[in-house]
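Listed below, chain by chain, are the residues.
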Amino acid sequence: MTVDEALALARRLGVERGDAQALIAHLAGRDRTWLITHGDAPVPGAEAALQRLADGEPLAHLTGCQPFHGLNLRVTPATLIPRPDTEVVVDWALELLAGLPGRPAVADLGTGSGAIALAIKAACGRATVCAVDLSAPALEVAHANGEALGLEVDWRQGNWFEPLAGRHFDLIVSNPPYIAGDDPHLPALRHEPLTALTPGGDGLADLRTLIDAAPQHLPPGGWLLLEHGWDQAEAVARQLSGRGFGEVALRRDLGGRARASGGRWPG
Ligand SMILES: C[S@@+](CC[C@H](N)C(=O)[O-])C[C@H]1O[C@@H](n2cnc3c(N)ncnc32)[C@H](O)[C@@H]1O
């Protein structure tokens, strides 16, 4: 099948044009501009790959990579596919780090592909970054991403703060599973690990666990930043204040939806 035939098939299958171009360019080992002048070039495997895309398989799983905060990350079905929404929490972390002298210590809990940890380390090389995930296969992907990008992160496997006993961090960041167990969008996300998406129930269990445990790992003045669902901001702010955090604040995405909340441990 040629480039032009593959693009025509994508239209018939109802595949979004940008996604089809990205997939075809990936299969051809070229960039998207090359497609414009090479309509007759053969693209091996295009028909099967476009069918998988039309059947709902994520583009990132078919190409094996996903851009995030200027980095190109490898992703597999063992990891969540990093979302642009999560860049809100990375930008917030970088703003706070800009005001911290020396070598601030950062922890990313539930690192998945390593997205947050690596984006922070790439933009703030003087930070020492540690990242935790319960999933060994996800952590392998994160580790490989760190190696490929030449970014040094201390990768730890375990349950939230368990592998960090006795350690303190100037900044703790997390995008934990927060989708409610009965959310109607979950079936559409079936290609990603369920344990990365939802803790079940109202979706707040892991956020509560992190807020409860974080003060044991924060020095006075340390920050906790948490990504959450657009409708969870009030519950998270209440939990942060109730646990004793001050300067509780909220960040929104470009669409104006609440995406992340955080607070500062007093002192
Ligand atoms: C929403 S994903 C976020 C992945 C990545 N930080 C990102 O933003 O793309 C949540 C991550 O938390 C991890 N996780 C779930 N439960 C955990 C636990 N009890 N301890 C540590 N990590 C956990 C999952 O394996 C998953 O990688």
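The following refers to the structure shown. It should be emphasised that the depicted structure is a prediction, and the values quoted were computed from it without experimental measurement. (Residues numbered from 1 in each chain as written. Predicted model: local features only at pLDDT ≥ 70, side-chain atom pairs only at ≥ 80, totals over all residues. Heavy atoms only, no water.)

## A look at the overall build of the protein
Operational definition: The helix and strand labels rest on DSSP assignments: H or I over at least four residues marks a helix, E over at least two residues marks a strand, and numbering proceeds from the N terminus. For the radius of gyration, the atoms used are the C-alpha atoms, and the globule rule reads 2.2 Å times the number of residues raised to 0.38. To sort residues, take the accessible area from a 1.4 Å probe on protein chains only and compare it with the maximum for the residue type: under 20% means buried, over 50% means exposed, and anything in between is partly exposed. Per-residue and other accessible areas follow the Shrake-Rupley method at a 1.4 Å probe size, with only the shown protein chains counted as cover for residues. Think of it this way: Lys and Arg go in the positive column, Asp and Glu in the negative one, and His and the chain ends go nowhere. Charge positions are represented by NZ for Lys, CZ for Arg, CG for Asp and CD for Glu.
The helix and strand inventory of the protein stands at eleven helices and nine strands. The globule rule puts the C-alpha radius of gyration for 267 residues at 18 Å, and the 20 Å found for the protein is close to it. Residues classed as buried in the protein amount to 50% of the 267 residues present. By element, 52% of the accessible surface of the protein is carried by carbon and sulfur atoms, the whole surface being about 12,500 Å². The distance from the centre of the 22 positive side-chain charges to the centre of the 32 negative ones in the protein is 3 Å.

## Examining the site of the ligand
Stated precisely, the cut-off is as follows: Only heavy atoms are used to decide nearness, and a residue is near a molecule or strand if one of them lies within 4 Å of it. Here a polar contact is taken to be a pair of N or O atoms separated by no more than 3.5 Å, where protein atoms must pair a possible hydrogen donor with a possible acceptor and residues adjacent in sequence count only if both atoms sit in side chains. Note on residue classes: Ala, Val, Leu, Ile, Met, Phe, Trp, Tyr, Cys and Pro are nonpolar, Asp, Glu, Lys and Arg are charged, and everything else, Gly too, is polar.
Close to the ligand lie 17 residues, the nearest being G110, D133, N159, W160 and N175. For the ligand, a nitrogen atom lies 3.4 Å from a polar atom in the backbone of T111. Here the ligand has 600 Å² of accessible area as a free molecule, and 94% of this is covered by the chains. Tallied by class, residues from the shell around the ligand come to seven nonpolar, nine polar and one charged.

## Some words on unusual backbone geometry
Unlike most non-glycine residues, W160 shows phi in positive territory, near 40 degrees. Within the secondary structure layout, W160 lies in the loop between strand 5 (154–157) and strand 6 (171–174). Even without glycine at this site, E247 takes up a positive phi of about 50 degrees. Structurally, the position occupied by E247 is in strand 8 (residues 246–252). Taking the relative accessible area as the measure of exposure, E247 reaches 51% and is therefore exposed.

## Digging into the pattern of salt bridges
Working definition: two side chains of opposite charge can pair if their charged atoms are close together. Rules: A pair is scored as a salt bridge if a Lys or Arg side-chain nitrogen falls within 4 Å of a carboxyl oxygen belonging to Asp or Glu.
Considering all chains together, one arrives at eleven salt bridges under this definition. A salt bridge links R208 to D202; its shortest N-O distance comes to 2.9 Å. Judged by relative accessible area, which is 34%, R208 ranks as partly exposed. Across the salt bridge formed by E234 and R238, the nearest N and O atoms sit 3.9 Å from each other. You can see E234 and its partner R238 sitting in helix 11 (residues 233–243), four residues apart, about one turn around the helix. For the residue pair E234 and R238, the accessibility class agrees, reading exposed in each case. In this structure, a network of salt bridges that share partners links the residues D85, E227 and R259.

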